[in-house]
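Take a look at the letters that make up each chain.
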Amino acid sequence: MRPFDYEVATDAPSAVAVVVGRADAAFLGGGTNLIDHMKLGIADPALLVDVTRLPTGEITDRPDGGLRIGATVRNSDLAADRRVRERYPVLSQALLAGASGQIRNMATTAGNLHQRTRCVYFQDVTTPCNKREPGSGCSALGGYTRYHAILGASEHCIATHPSDMAVGLAVLDASVIVAGVDGERSVPFEDLHRLPGDRPDLDTTLAHGELVTAVDLPAPGRPVRSAYRKVRDRASYAFALVSVAVVLSVDDATVTDVRIALGGVAHKPWRAHRAEAVLRGAPATVVSYERAADAELEPAAPQDGNGFKVPMTRATLVATLRDLTTEDR
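This write-up is about the structure you can find in this document. (Residues numbered from 1 in each chain as written. Predicted model: local features only at pLDDT ≥ 70, side-chain atom pairs only at ≥ 80, totals over all residues. Heavy atoms only, no water.)

**Describing the environment of Ala26**
No. 1: Relative to the helices and strands, Ala26 resides in strand β2 (residues 25-28).
No. 2: You can call Ala26 buried: its relative accessible area is 19%.
No. 3: Along the primary structure Ala26 and Leu47 are separated by 21 residues, whereas in three dimensions their C-alpha atoms are 6.4 Å apart.
No. 4: Excluding anything up to four places from it in sequence, Ala26 contacts Val19, Pro45, Leu47, Leu48 and Val49. (Helix = DSSP H or I, 4+ residues; strand = E, 2+ residues; numbered from the N terminus. Buried < 20%, exposed > 50% of the residue type's maximum accessible area, 1.4 Å probe, protein only. Contact = heavy atoms within 4.5 Å.)

**Focus: the sheet that holds strand β1 (residues 5-8)**
No. 1: Pairing in this open sheet of 3 strands is parallel, and the strands run β1-β3-β2 from one edge to the other. Both outer strands of the open sheet, β1 and β2, are each paired with one neighbouring strand and no more. Shown here is a sheet whose adjacent strand axes are inclined to one another by a mean of 25 degrees, direction ignored.
No. 2: Two elements, β1 and strand β3 (residues 47-50), share 4 bridges in a ladder whose sense is parallel. Following the sheet pairing, Tyr6 is matched in β3 by Leu48.
No. 3: On top of the sheet, helix α1 (residues 12-20) reaches β1, β2 and β3; it is set at about 145 degrees to β2, its chief contact. (Pairing = 2+ DSSP bridges. Axes fitted to C-alpha atoms, helices over the stretch in contact; angles between N-to-C directions.)

**Some remarks on a nonpolar patch on the surface**
No. 1: On the surface, a cluster of nonpolar side chains totalling about 370 Å² of accessible area is made up of Met1, Phe4, Tyr6 and Val8.
No. 2: Note on placement: Phe4 falls in the segment before β1.
No. 3: Using a relative accessible area of 32% as the deciding quantity, one classes Phe4 as partly exposed. (Patch = residues over 30% accessible without salt bridge, like charges linked within 9 Å, V, L, I, M, F, W, Y side chains within 5 Å. Areas by Shrake-Rupley, 256 points an atom, 1.4 Å probe, with all protein chains shown as cover. Salt bridge = Lys/Arg side-chain N within 4 Å of Asp/Glu carboxyl O.)

Structure, rendered in structure tokens:
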């Protein structure tokens, strides 16, 4: 790890100004991902701007009944918050499914959103990787692909997004509050992360120097059921092969509203709009759930080493929906 300068930010505008003014600067939150990458030689910022002392470490109630989650709220605190557990249990479940307790104690809300892929080729600086070094090639193509994408990939990158929390936020229709040189703006969560296209080195739609200051959750609204289910190679401290987050409303055995997000299958948390469209107004039955899963996975394009993810995603989605409506049958 090369030497670097370190500054502690006292307010968001000055932090933004410093990072915008230097292409080799980066924000530092909990550091659970960035510091690892600096040690591996994947990232080499010359200046780290520590934002953990900004006044963004609280979870506050919004006037509309939703919540505002500060950017530096630790993952453990967010998962344990009574309001989150009662009103947004899918988010608490997703957080507790990720990493270890020690890492959750350090990791921040904004930092979690900025996690980079755990593709083995991205983390190995001796191999070509378009995400790490644009234009060098994608070593995963034709290589080890057990953890790679089956949806939304490109010829330039087949990596997946690693976050569990982000899948939970995607299904909740969250918004991300961002500070930049022109002031503050709100970004719909689904628009925060990118598919790889021909620029897999860009993980998000944010410009260099834009700072996430909060995440807003809308009011839960009508009575809903929700669940997060994660399939992984071992029971703890493992990234998802496939994960499913569901928020579901059922009246008179009919799906009246549904939101679905998938993890471990794409370069970003994957909002399952095809499946949602099939389910709205459909009977709350396993047959409907299977049809919805098939519709979502119709464009899947697995690699030689991860074709199992298609039936695994189908089975996980169907089982999650089925278990949420078992009491109605």
